[in-house]
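A look at the structure
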Amino acid sequence: MFDISGREWIEEEYLRLHEQGLVQEKDVVKVIGVHNQMCERCLNQSDEWFGTFTYKEQLITYCRQCLDFKMVDNCHYLYRSLMPAKITDNAHVLNIDFKLSSLQQRASDFAKEILEANDLGLIWAVCDASV
Ligand SMILES: [Zn+2]
């Protein structure tokens, strides 16, 4: 079964999954991607991280802060799963039988810091990469 808990998709992704029967309309809520000067995906509110262009005589405002994860703009929806992310009491326990690389340790320390501070953060990494 396709797990949609805690997931969010841009319109193109949602429509593809919907067409495949993996996500139903009743399982999501849709929000405009950029609304009231805020990106609904990364919560950016800084003007310097928004870009604009005109397409078919309509001014498009998009978020540059999370652009690498595909464009979010004021003309398309983001689709959010209504199923909350599955976080169990011991979801944070990780048993690994190897030592983290220095960059992995740095990312781990950062994740721990933002979780403890109940803050927001982004770790941008490539899975299965070794440095
Ligand atoms: Zn954004």
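Residues numbered from 1 in each chain as written. Predicted model: local features only at pLDDT ≥ 70, side-chain atom pairs only at ≥ 80, totals over all residues. Heavy atoms only, no water.

Every α-helix winds through 3.6 residues per turn, so residues three or four apart in the chain are directed the same way. Every buried residue of helix 1 (residues 11-19) is listed here: Glu13, Tyr14 and Leu17. Buried residues of helix 1, viewed axially, fall in a sector of 95 degrees; they line one side. On its buried face, helix 1 is in contact with strand 1 (8-10), strand 2 (28-32) and strand 7 (77-81). A positive backbone phi angle near 80 degrees is found at Gly21, which sits one or two residues after helix 1. (Buried < 20%, exposed > 50% of the residue type's maximum accessible area, 1.4 Å probe, protein only. Helix = DSSP H or I, 4+ residues; strand = E, 2+ residues; numbered from the N terminus. Arc of directions from axis to C-beta. Contact = heavy atoms within 4.5 Å.)

We now examine helix 2 (residues 102-116). Across its 15 residues, helix 2 extends 21 Å between first and last C-alpha, which sits within 8% of the 21 Å expected from 1.5 Å per residue. Among the residues trailing helix 2, Asn118 stands out with phi positive, at a value near 55 degrees. (Expected span 1.5 Å × (residues − 1).)

Okay, the coordination of the zinc ion next. Around the zinc ion, the protein supplies Cys39 (SG), Cys42 (SG), Cys63 (SG) and Cys66 (SG) as donor atoms, at distances of 2.2 to 2.4 Å. Note that the zinc ion binds four donor atoms; their angles at the metal cover 100 to 115 degrees, and the shape is tetrahedral. Sequence spacing of the donor residues for the zinc ion, all on one chain, is C-x2-C-x20-C-x2-C. Taken together, the residues span a long stretch of sequence, with Cys39 in strand 4 (residues 38-39) and Cys66 in the loop between strand 6 (58-63) and strand 7 at a distance of 27 residues. Comparing Cys39 with Cys66 shows no difference in burial state: the two are buried. (Donors = N, O, S within 2.8 Å, 3.2 Å for Na, K, Ca; no water. Tetrahedral: all angles 85-135°; square planar, octahedral: opposite > 155°, others 65-115°.)

Unusually for a residue other than glycine, Gln37 sits at a positive phi of about 60 degrees. Residue placement: Gln37 occurs in the loop between strand 3 (34-35) and strand 4.

Turning to the sheet that holds strand 1, a few remarks are in order. Spatially, three strands are ordered 1-7-2 in an open sheet, and the strand pairing comes out antiparallel. In the strand order of this sheet, the two ends are held by strand 1 and strand 2, each with one partner. Taken pair by pair, the neighbouring strands of this sheet meet at an average axis angle of 25 degrees, ignoring direction. Strand direction decides the pairing type here: strand 2 and strand 7, joined by five bridges, are antiparallel. (Pairing = 2+ DSSP bridges. Axes fitted to C-alpha atoms, helices over the stretch in contact; angles between N-to-C directions.)

A word on the side chain of Asp27. Looking at the element boundaries, Asp27 is found in the loop between helix 1 and strand 2. Relative accessible area serves as the criterion here: at 18%, Asp27 is assigned to the buried category. Looking at Asp27, its side chain comes within polar contact range of the side chain of Lys26, at 3.1 Å. Sequence-distant contacts of Asp27, defined by excluding residues within four places in its chain, comprise Ile4, Arg80, Ser81 and Leu82. (Polar contact = N/O pair within 3.5 Å; in protein donor to acceptor, adjacent residues only side chain to side chain.)

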